[in-house]
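# Understanding the architecture of this molecule
Each chain is listed here by its residues.
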Amino acid sequence: MPFSAMTNTLSNPVQLIYAGGTFGSYGRPLAPLSAEIFLPTLQKLLTDQDNANHWPQISWLDNTLIKDSSQLTPNDFVHFYQLLLAAYAQGDRRFVLITGTDTLSYLGAFLAEAFAGSDICIIVTGSMRPLLDSEVIHSYDIDDHSDAWDNLSDSLKLAAAGESGVKIAFGGESWPAQTVQKIHSHDLMAFTGHSRAAYPANSYIKNLPDTRRQHWLDDQQAMIDHIESRAEQARIHALYCLPNDTEVMTSQLQALLSQPPCGIILLGFGAGNVPYSQALAEALELAYKNGHMVICASQSPFGGVSDSYAAGSWQYEYHVIAGGRLTIPAIYARLLWLLLRYDNPTRRRQRWLNNVNQAGTTIKKR
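Residues numbered from 1 in each chain as written. Predicted model: local features only at pLDDT ≥ 70, side-chain atom pairs only at ≥ 80, totals over all residues. Heavy atoms only, no water.

As recorded in an unreviewed UniProt entry, the protein goes by L-asparaginase and comes from Psychrobacter immobilis.

Right under this line is the structure:
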């Protein structure tokens, strides 16, 4: 399909992608159904439902990667990026991606980073309970106590509207993907987020001219091979502050210094407080010189980090970057995308800081 046809995508089908997870599990004990069984079953259920005529036309985007989301890797994230990019280049613009909840917020935030600056519409969803009732063994019926059908229905309606950006729909709500985090391990209201989103959410274009879309696609497609190869080596580590002697975290950080440049998330107390020691400060300085990106995040689910306390502000003198109000999944996603997209540590750092400046959450060095 020529790129000029993209202007007519709102009349095109919503592309539905099934990637596994609880949504498609069935039986005793619960186990994912194969795509060969589940997808025709889901298609029949969508056709049979009374309100099907209120939904957009639905098509299926062939996906070969169906696995438990707790097993997803950077290579898998790149798989979904490539799958969506290829469909977007062919003229599709609206997508619903069904995945597992363990890494749903991570995948959603990654796609938001990867497609920044485009006019694609991606809705990511899943469920805490399977769509199909395992108490009924003679046929595949919807479980009335499951959240799966409602989550899918809401996602299809959002995709039908076609608003540019990547959103997560769950539990009757939806949020920009970068703001979302899982806050409950088994409740149906398992996720939360907010709408005060800056980059990448504010980068999406409502009406993208064909020429600009062509340039965006050319730029992305030129990097595909590099992104795919870098995914093999991309590493992101998390160092969790605990009430330990600072030697513990220092030794953990030092163990990473000899590796190729990677991303390191420093999970501080409260507003990003990290216990000081001269040895830890020196390790942070060396991490920077070796090309690693160290981002400070808060262990607290809300509020983010600040430099209000001396216990936290000292680290920014040693090239640690403040994660601001970004969630841990969003920090992981941004680090991963920068590792894949840029081969130069300086460019990665500059790109992060430019994004943070857009969000208005920069913590300046004293």
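Text resumes after the structure shown.
## A short note on the pattern of salt bridges
Let me state the cut-off plainly: Just to be clear on terms, a salt bridge is a Lys or Arg side-chain nitrogen sitting within 4 Å of an Asp or Glu carboxyl oxygen. Whether a residue is buried, partly exposed or exposed follows from its accessible area with a 1.4 Å probe, protein chains only, as a fraction of its type maximum: under 20%, in between, or over 50%, in that order.
For the structure on display, the rule yields nine salt bridges. For Lys67, the salt bridge identified is with Asp76, shortest N-O distance 2.8 Å. Residue Asp76 is classed as buried on the basis of its relative accessible area of 9%. Among the charged side chains, a network of salt bridges with common partners joins Asp119, Asp210 and Arg213.

## Section: the sheet that holds strand 7 (residues 165-170)
The strands making up a sheet associate through hydrogen bonds between their backbones, and the pairing can be parallel or antiparallel. Applied cut-off: A strand pair is defined by DSSP finding two or more bridges across the two strands. Helix and strand definitions follow DSSP, with helices as H or I runs of at least four residues and strands as E runs of at least two, each counted in order from the N terminus. Only the stretch in contact is used when fitting a helix axis, every axis being a line fitted to C-alpha atoms; angles between N-to-C directions are given from 0 to 180 degrees.
Strands sit in the order 4-1-5-6-7-8 across an open sheet of six strands; the sheet is mixed. One side of each edge strand has no neighbouring strand; the edge strands of this open sheet are strand 4 (58-60) and strand 8 (173-176). When the angles between neighbouring strand axes are averaged without regard to direction, this sheet yields 25°. The pairing of strand 6 (residues 121-125) with strand 7 spans four bridges and is parallel.

## Notes on the sheet that holds strand 11 (residues 236-240)
The criterion, for reference: Note on contacts: a residue pair qualifies if any of its non-hydrogen atoms lie within 4.5 Å across the two residues.
Overall, parallel pairing links the four strands, which are arranged 11-12-13-14 in an open sheet. One side of each edge strand has no neighbouring strand; the edge strands of this open sheet are strand 11 and strand 14 (321-322). The pairing of strand 11 with strand 12 (residues 263-268) spans five bridges and is classified as parallel. The partner of His237 across the bridge, within strand 12, is Ile264. Of the strands in this sheet, strand 11 and strand 12 are in contact with helix 7 (residues 246-254), which crosses strand 11 at around 170°.

## Details of the environment of Pro74
Looking at the element boundaries, Pro74 is found in helix 2 (residues 74-89). Linking Pro74 and Arg235, residues 161 residues apart in sequence, is a C-alpha distance of 8.5 Å. Aside from chain neighbours lying at most four places away, what touches Pro74 is Ala231, Ala234, Tyr332 and Leu336.

## Comments concerning the packing of aromatic side chains
Operational definition: Aromatic contacts are taken between Phe, Tyr and Trp rings whose centres are within 6.5 Å, Trp giving its six-membered ring; a plane angle under 30 degrees counts as stacked, one over 60 as edge-to-face, and the others as tilted. Here, a charge over a ring means that NZ of Lys or CZ of Arg falls within 6 Å of the ring centre while also lying within 35 degrees of the ring normal.
Applying the stated rule across the entire model yields 14 aromatic pairs. On the numbers, 4.6 Å between centres and 40° between planes, the contact of Tyr18 with Phe38 is tilted. Of this pair, Tyr18 sits in strand 1 (residues 14-18) while Phe38 is found in helix 1 (residues 35-48), placing the two residues 20 residues apart along the sequence. Judged on exposure class, the residue Tyr18 and its partner Phe38 are both buried. Cluster of aromatic residues (ring-pair linked, three or more members): Phe77, Tyr81, Tyr88, Tyr106, Phe110, Phe115, Trp216, Tyr332 and Trp337. Seen from the ring of Trp352, Arg334 lies directly overhead, with NZ or CZ sitting 5.2 Å from the centre. The ring of Tyr342 is capped by Arg341, whose NZ or CZ atom sits 5.6 Å from the centre of that ring.

## Brief notes about the packing of helix 2 against helix 5 (residues 210-222)
Stated formally: Helix crossings fall into two classes, left-handed where the near helix is turned counterclockwise from the far one by less than a right angle and right-handed where it is turned clockwise. Under the convention adopted here, Pro, Cys and the residues Ala, Val, Leu, Ile, Met, Phe, Trp and Tyr are nonpolar, Asp, Glu, Lys and Arg are charged, and Gly plus all remaining residues are polar.
Between helix 2 and helix 5, whose axes approach to 11 Å, the crossing angle comes to 145°. As for how helix 2 packs across helix 5, the hand of that crossing is left-handed. Across the interface between the two elements, Tyr81, Leu85, Tyr88 and Ala89 from helix 2 touch Arg213, Trp216, Leu217, Gln220 and Gln221 from helix 5. In terms of residue class, the contact of helix 2 with helix 5 is made up of six nonpolar, two polar and one charged.

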